[in-house]
Amino acid sequence: MNKILFKPYLHSSEDLNREQLNAIFDKAQYFIDNYNPKEKFQDLAGITVALAFFEPSTRTKLSFELAAKRLSADILTFTSSGSSLVKGESLVDTIRTIDAMQVQMYVVRNVYAGVPQLITQKTGKITLNAGDGKHEHPTQALLDAMTLKQHYKTFENLKVCIIGDILHSRVARSNITILRRLGAEIKLLAPGTLLPRYLNPWDAETLNSVDDAIEWADALIVLRLQKERMDSGLLPSTSEFAKFYQITYEKFTKKDRIVLMHPGPVNYGVELDYKLSELDNCLINKQVTNGVFVRMAVMSLLANSSE
Ligand code: NCD
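So, a few notes on the structure that sits alongside this text. The numbering scheme is per chain: residues are counted from 1 as the chain's sequence reads. At least 70 in pLDDT is required for a residue's local features to be given in this predicted model, at least 80 for side-chain atom pairs to be given and counted, and no such filter applies to totals for whole chains, interfaces and linings, which use all residues. With hydrogens and water stripped out, all remaining heavy atoms of the structure feed into the side-chain values.

Quick look at the pairing of strand E2 (residues 48-53)
Walk down a regular strand and you will see the side chains alternate between the two sheet faces.
Part 1 of the argument: With a 1.4 Å probe rolled over the protein chains alone, any residue whose accessible area is under 20% of its type maximum counts as buried; one over 50% counts as exposed, and the rest are partly exposed. What counts as a helix is a DSSP run of H or I of at least four residues, what counts as a strand is a run of E of at least two, and both are numbered from the N terminus. In terms of residue burial, E2 counts as a mostly covered element, since six of its six residues are buried.
Part 2 of the argument: Handedness of a crossover: with both strands directed away from the viewer, a clockwise path from the first strand across the helix to the second marks it as right-handed. Each parallel crossover has a hand, and the one from E2 via helix H2 (residues 59-70) to strand E3 (residues 74-79) is right-handed.
Part 3 of the argument: Pairing analysis gives five bridges linking E2 to strand E4 (residues 105-110), with the strands arranged parallel. Bridge assignment links Leu 51 to a residue of E4, and that residue is Val 107. Two strands pair under a simple rule: DSSP has to find at least two bridges between them.

If you want it as structure tokens, here you go:
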């Protein structure tokens, strides 16, 4: 079998074809099957990874950090608060400073779309996008797809409904591309003001209610209201949104063959009823566990199989 090659970056979900997606899932499964907490993998031995998080993050940052450690990388962690960015240093100078420490791989999160591409341009090093503005979050979509593959075994005819604040969601963008590329069917459910306004770039059908979404879908991917990226006036109130779009325990448990996913952070009481988190078909913690192995797979494949 020919070795599958990867670009030396993952800026967007568009960077991965179906063959590469399956190679990532196979590699992640290999790491799941062979994981031994007492013995690290050597895939990133001798490689310094900079985790450059210019925007807050809990699970994505911890997940990449653990993934890099399990592959024996050396790690530099950078967060904007407490750095010279607050003293007026520019983003480009900050990157040049980090790069002068001989970094081979960047994992980047930034409020602005396009910063991962900028880092690739400025440094020529392997760059992974860990979320850039409203644009893309490809590794989140990969771990979501891996979680669905584990549960349903195949993507053919799999029906996935993405629900909530789609307009501001980089997770929705990345998921639509990747899940469709794998063969899944996508529909959307959101208030009209939280869908891309003048055109629906994905040409995805929209559903009208939570009941319709549950009836149609094999999986729900639910998103929080991303207020930090939202103009005012898009919603009458949070409680109004919750009244019409919250996945309630009563509605969700009407159907057996369905799973619930959410990239986190969850605002329980708004988009999800807390009681749902205790159900076996709520896969939120599975997503987090898979996230580490999927990120190990992406880092290993990009470091060792780049074109
Ligand atoms: C998401 C993000 O930051 O884009 N969370 C994550 O990475 N797990 C989703 C969000 O912020 O709502």
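Brief notes about the site of the ligand
Part 1 of the argument: Distances are taken per atom, and a residue is near a molecule or strand as soon as one of its heavy atoms is within 4 Å of it. Around the ligand, the surrounding shell consists of Arg 59, Thr 60, Arg 109, His 137, Gln 140, Arg 170, Val 171, Arg 224, Gln 226, Pro 263, Gly 264 and Pro 265.
Part 2 of the argument: Pairs of N or O atoms are called polar contacts if they sit within 3.5 Å, as long as, within protein, a hydrogen donor faces a hydrogen acceptor (for residues adjacent in sequence, only side-chain-to-side-chain pairs). Within the side chain of Thr 60, one N or O atom sits 2.9 Å away from an oxygen atom of the ligand.
Part 3 of the argument: Gln 140 places a polar side-chain atom, nitrogen or oxygen, 3.3 Å from a nitrogen atom of the ligand.
Part 4 of the argument: Residue-level accessible areas treat just the shown protein chains as cover; the underlying method is Shrake-Rupley with a 1.4 Å probe. A total of 310 Å² of accessible area belongs to the ligand in isolation, and the protein chains cover 94% of it.
Part 5 of the argument: For the shell around the ligand, the elements supplying multiple residues, two or more each, are H2 and helix H6 (170-181).
Part 6 of the argument: For the shell around the ligand, the class distribution of residues is three nonpolar, five polar and four charged. For this scheme, ten residues count as nonpolar: Ala, Val, Leu, Ile, Met, Phe, Trp, Tyr, Cys and Pro. Four count as charged, namely Asp, Glu, Lys and Arg, and the remainder, Gly too, count as polar.

Things to note about the environment of Asn 208
Part 1 of the argument: Within the secondary structure, Asn 208 is located in the loop between strand E8 (205-206) and helix H7 (210-216).
Part 2 of the argument: In the structure, Asn 208 is positioned 20 residues away from Leu 188 in sequence and 8.9 Å away in space, judged by C-alpha atoms.

Digging into the nonpolar core
Part 1 of the argument: Residues Leu 142 and Leu 148 are the most contacted members of the largest nonpolar core, which totals 66 residues.
Part 2 of the argument: By residue number, the principal contributor to this core is helix H10 (residues 284-304), which donates nine residues.
Part 3 of the argument: Residue contacts follow a heavy-atom distance rule, with two residues in contact if any of their heavy atoms lie within 4.5 Å. Setting aside chain neighbours within four positions, we find Leu 142 in contact with Leu 10, Leu 16, Leu 21, Ile 24, Phe 25, Ile 178, Val 294 and Val 298.
Part 4 of the argument: Working definition of a nonpolar core: buried Ala, Val, Leu, Ile, Met, Phe, Trp, Tyr and Cys residues. They are joined through side-chain atoms within 4.5 Å. Among the nonpolar cores identified, the runner-up in size contains 29 residues, and Ile 163, Ala 213, Val 222 and Tyr 245 belong to it.

Observations regarding the packing of aromatic side chains
Part 1 of the argument: Here a pair means two rings of Phe, Tyr or Trp (six-membered ring of Trp) with centres within 6.5 Å. Their orientation is stacked below 30 degrees between planes, edge-to-face above 60, and tilted elsewhere. On inspection of all chains with the given rule, the structure shows eight aromatic pairs.
Part 2 of the argument: Measuring from ring centre to ring centre gives 5.7 Å for Tyr 30 and Phe 31, while their planes differ by 65°; the resulting arrangement is edge-to-face.
Part 3 of the argument: Tyr 30 sits in the partly exposed class, given a relative accessible area of 41%.
Part 4 of the argument: Chaining the aromatic ring pairs together yields one cluster made of Tyr 30, Phe 31 and Phe 41.
Part 5 of the argument: Above the ring of Tyr 249, the side-chain terminus of Lys 275 is found at 4.5 Å from the ring centroid.
Part 6 of the argument: Look at NZ for Lys and CZ for Arg. If either is within 6 Å of the ring centre and within 35 degrees of the ring normal, a charge sits over the ring. The ring of Phe 64 carries Arg 295 above its face, with NZ or CZ at 4.8 Å from the centroid.

Observations regarding the side chain of Arg 109
Part 1 of the argument: By the secondary structure assignment, Arg 109 is in strand E4.
Part 2 of the argument: Charged residues are defined here as Lys and Arg on the positive side and Asp and Glu on the negative side; His and the ends of the chain fall outside this count. In what follows, salt bridge is the name for a side-chain nitrogen of Lys or Arg lying within 4 Å of a carboxyl oxygen of Asp or Glu. Of the side chains with opposite charge, Glu 55 comes closest to the buried, unpaired Arg 109, at an N-O distance of 4.1 Å.
Part 3 of the argument: Looking at Arg 109, its side chain comes within polar contact range of the side chain of Thr 60, at 3.3 Å.
Part 4 of the argument: Separated by 2.9 Å, the side chain of Arg 109 and the backbone oxygen of Ala 130 make a polar contact.
Part 5 of the argument: Excluding its chain neighbours within four sequence positions, the residues that come into contact with Arg 109 are Ala 52, Phe 53, Phe 54, Glu 55, Pro 56, Ser 57, Thr 60, Ala 130, Gly 131, His 137 and Arg 170.

Function-wise, these values are silent; they only describe arrangement.
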